[in-house]
Amino acid sequence: MAALIKSALIHGLAVGLAVAAAASVVLGLPDLSPGTDPAVGWLGGGLILLAGLVVDLHRRLARRERKALRRLDRLQKSVDALTERLDRPTAPAEAEDSAAAHEAVLQEVKLLHALVARLGESRSPEAPEPPRPSHPSRAAFQAPRPPDLRSPSSVAAPPLDDAAVLEAVRDALAADRIDVHLQPIVSLPQRKHRFFEVFSRVRAADGALILPDRYLEIAERAGLMATIDNLLLVRCIQLIRETERRQHAIGFFCNMSAATLSDAEFMRQFLDLLARNQTLVPKLVFELSQQELRAGGAVTMGILSQLSRIGFRFSMDRVSDLDIDVDALLRHDIRYLKLDCALLLDPALAPRVEALRRRLDGTGIDLIAEKIETETQLDAILRSGIDFGQGYRFGEPRPARKAP
């Protein structure tokens, strides 16, 4: 934040000096050279002002370039550190187990290299800002309520304007400060943890968290969401591998956006990684919104078919229309359907909810009631017989450690 303030002050000073110099020429030329056409003074002042602004712009672009190079260097060092792990000698007794880990780390390094390249491409200061998306902000399904300030894991971010938020996101990507948070999905009525949903959090340089409802739309406009989603997928695979080592029978829901599905190069490498690690597949559920599934074209459906052939299951969330084609869900291996608790308990929608539940009976598609926040809501959901629940009543998103 201090760096942003300093940069703004320097920029303001440079512009002020240029304006002052231009004004001096406009006002002082008639006194220095009586009879001079005033237009000459205005022309000279304008040229001086333009020259000052060009010099300031060049300084700012050079500063951004240096910052981008430093960030790419830090991320490249992280990739090199992973690569170094591949060269460490292994004891003969551990050779067989290490072979699989060696291949997994190699695949992750390739993915990180691709993300480094993408981040470098996105740093061009002259690139035009992408247009605002026509679909609703993903904050509607990924952003929790304001964090509990009593919790040491939740640090409120200071107010930032959009430009500062975008700079913080880019800095966090380069410095590997996109943190993974997990929220439990429990079985009902036992309330046992069966899955965790994976969320991203941007951690600023001072340790403050910038929540998704603040940065997601800004990151989408800047074309950074695919990079954030892809980093989250790689982290999710690492979490699953950790739970396997500890023999935890737990699964993970990970949001997959249209931006990720359309990233052909990343998806090719990601599918290759998962094809070589089949034991990870049953523990990962990809989550897509109702709107993205309905709007998905041949490419999106083709990628989903590839994932389905490998053995993945899917979940549909952000449901706003209860007129759901259950046969289409089954064709695309969607085995979980998330419905907002408020929607499930709305008396006006009760007949439509019940009709949907009848259509789902015997299909193998499980309903998950999400955003359960109070004991009253939970009691009503339990009476309805829904199998899974998610919400602050069972736990807020918490930072992922080595094992959840």
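The chain appears in an unreviewed UniProt entry as EAL domain-containing protein from Azospirillum brasilense.

Visitor: Go over the overall build of the chain with me, naming the residues and quoting the values.
Guide: Of the regular secondary structure elements, the chain holds 15 helices and 10 strands. Each of the 404 residues in the chain was classed as buried or not, and the buried ones make up 44%. For the chain, the proportion of contacts with a sequence separation of at least 24, taken over those separated by at least 6, is 73%. Carbon and sulfur atoms make up 57% of the accessible area of the chain, which totals about 20600 Å².

Visitor: Account for the pattern of salt bridges, naming residues and giving values.
Guide: Using the criterion set out here, one finds 16 salt bridges in the structure. Among the ionic pairs, Arg 294 bridges to Asp 321, the shortest N-O distance being 3.1 Å. With a gap of 27 residues between them, Arg 294 in helix α10 (residues 290–295) and Asp 321 in the loop between β6 (313–317) and α12 (326–331) connect regions that are remote in the sequence. Since its relative accessible area comes to 25%, Asp 321 is described here as partly exposed. Each of the salt bridges in this network shares a partner with another, and the network as a whole consists of Asp 162, Arg 214, Glu 217 and Arg 221.

Visitor: Give me the lowdown on the environment of Val 55, citing residues and values where you can.
Guide: Here Val 55 shows up in helix α2 (residues 38–86). Taking the relative accessible area as the measure of exposure, Val 55 reaches 57% and is therefore exposed. Sequence separation of Val 55 and Ala 14 is 41 residues, and the distance between their C-alpha atoms is 8.9 Å.

Visitor: Lay out helix α6 (residues 212–221) with the relevant residues and their values.
Guide: Among the 10 residues in α6, 7 count as buried, and that is most of the element. A positive backbone phi angle near 75° is found at Gly 223, which sits one or two residues after α6.

Visitor: Go over the state of the cysteines with me, naming the residues and quoting the values.
Guide: Scanning all chains against the criterion turns up 0 disulfides. Cys 236 takes part in no disulfide bond, and the closest cysteine sulfur, belonging to Cys 254, lies 4.3 Å away.

Visitor: Tell me what's going on with the packing of helix α5 (residues 162–174) against α6, and back it up with residues and numbers.
Guide: The geometry of α5 relative to α6 is characterised by a closest axis approach of 9 Å and an angle of 80° between their N-to-C directions. Comparing the axis directions of α5 and α6 gives the class roughly perpendicular. Each of Asp 162, Val 165, Leu 166 and Val 169 in α5 lies in contact with α6, whose residues at this interface are Arg 214, Tyr 215, Ile 218 and Arg 221. Each residue belonging to the contact of α5 with α6 can be placed in one class, and the counts come to 5 nonpolar, no polar and 3 charged.

Visitor: Tell me about the confidence of the model for the chain, residues and numbers included.
Guide: Mean pLDDT for the chain: 75, with 71% of residues reaching 70 or above. The least confident element of the chain is helix α4 (residues 139–142), whose mean pLDDT is 34; the most confident is strand β9 (residues 388–390), at 96. Low pLDDT (under 50) marks residues 90–96, which in the prediction has 2 contacts with non-local residues, meaning those over four places away or in another chain. Overall, residues 123–158 carries pLDDT values under 50, and its contacts beyond four positions in sequence, including any with other chains, amount to 72 contacts.

Visitor: Explain the packing of aromatic side chains residue by residue, including any values.
Guide: All told, the structure shown has 8 aromatic pairs when counted by the stated rule. Here the aromatic rings of Tyr 336 and Phe 388 are separated by 6.4 Å at their centres, their planes lie at 75°, and the arrangement is edge-to-face. Of the two residues, Tyr 336 sits in strand β7 (residues 334–340) while Phe 388 sits in strand β9, which places them 52 residues apart along the sequence. With relative accessibility at 6%, the residue Tyr 336 sits in the buried group.

Visitor: Lay out unusual backbone geometry in plain terms, naming residues and giving numbers.
Guide: A cis amide bond links Leu 188 with the next residue in sequence, Pro 189, at an omega value of 5°. Located in the positive-phi region is Asp 333, a residue other than glycine, with phi close to 55°. Its location among the elements puts Asp 333 in the loop between α12 and β7. The phi dihedral of Lys 371 falls on the positive side, at around 65°, and the residue is not glycine. By secondary structure assignment, the location of Lys 371 is in the loop between β8 (366–370) and α15 (375–384). A relative accessible area of 37% places Lys 371 in the partly exposed class.

Visitor: Describe the nonpolar core, listing the residues and the values that go with them.
Guide: Ranked by size, the top nonpolar core spans 60 residues in total, and within it Phe 252, Leu 284, Phe 286, Leu 307, Phe 312 and Leu 337 carry the most contacts. If we ignore the near neighbours within four places in the chain, the residues touching Phe 312 are Leu 274, Val 281, Leu 284, Phe 286, Leu 307 and Asp 333. Counting residues in hydrophobic clusters, the runner-up holds 20 residues, among them Val 165, Ala 172, Leu 173 and Val 202.

Visitor: Explain the side chain of Ser 289 residue by residue, including any values.
Guide: Of note, Ser 289 is situated in strand β5 (residues 284–289). Accessibility expressed as a relative area gives 3% for Ser 289, which makes it buried. At 3.1 Å, the side chain of Ser 289 forms a polar contact with the side chain of Arg 318. With residues near it in sequence (within four places) discarded, Ser 289 still touches Met 316, Asp 317 and Arg 318.

Visitor: Residue-level account of the pairing of β6, with values.
Guide: The buried fraction of β6 amounts to 4 of the 5 residues, a majority that puts the element mostly inside the structure. Pairing of β6 with β7 involves 3 bridges; the strand directions are parallel. Residue pairing for β7: Ser 315 is matched across the bridge by Tyr 336. Handedness of the crossover joining β6 and β7 through α12: right-handed.

The rules we used
- Note that residues are indexed from 1 along each chain, following the sequence as it is written.
- Local features in a predicted model are, by the rule used here, given only for residues with pLDDT of at least 70; side-chain atom pairs are given and counted only at 80 or more, and totals for whole chains, interfaces and linings are based on all residues.
- Side-chain numbers here rest on the full set of heavy atoms in the structure, without hydrogens or water.
- Comment: elements are numbered from the N terminus, with helices defined as DSSP H or I runs of at least four residues and strands as E runs of at least two.
- Summary of the burial criterion: residues with accessible area below 20% of their type's maximum are buried, those above 50% are exposed, and those between are partly exposed, where the area comes from a 1.4 Å probe applied to protein chains only.
- Contacts are residue-level and defined by heavy atoms, with any inter-residue pair within 4.5 Å sufficient.
- Here the open area of atoms and residues is found with the Shrake-Rupley method and a 1.4 Å probe, where only the protein chains shown may cover a residue.
- Any Lys or Arg side-chain nitrogen located within 4 Å of an Asp or Glu carboxyl oxygen qualifies as a salt bridge.
- Two cysteine sulfurs form a disulfide in these notes if their separation is within 2.5 Å.
- The angle between two axes is taken between their N-to-C directions and runs from 0 to 180 degrees, where each axis is a line fitted to C-alpha atoms and a helix contributes only its stretch in contact.
- Roughly parallel here means an angle under 35 degrees, roughly antiparallel means over 145, roughly perpendicular means 65 to 115, and every remaining angle is called oblique.
- Amino acids are sorted into nonpolar (Ala, Val, Leu, Ile, Met, Phe, Trp, Tyr, Cys and Pro), charged (Asp, Glu, Lys and Arg) and polar (every other residue, Gly among them).
- As a per-residue measure, pLDDT tells how confident the predictor is, with possible values from 0 to 100.
- Here the aromatic set is Phe, Tyr and Trp, taking the six-membered ring for Trp, and pairing holds for ring centres within 6.5 Å; pairs whose planes are under 30 degrees apart are stacked, those over 60 apart are edge-to-face, and all others are tilted.
- What is meant by a nonpolar core is a set of buried Ala, Val, Leu, Ile, Met, Phe, Trp, Tyr and Cys residues, joined one to another through side-chain atoms within 4.5 Å.
- A 3.5 Å cut-off defines polar contacts: any pair of N or O atoms within that distance qualifies, except that in protein one atom must be a possible hydrogen donor and the other a possible acceptor, and neighbouring residues in sequence count only when both atoms are side-chain atoms.
- By the convention used here, strands pair only if DSSP detects at least 2 bridges between them.
- We call a crossover right-handed when, viewed with both strands directed away from the observer, the connection leading from the first strand over the helix to the second proceeds clockwise.

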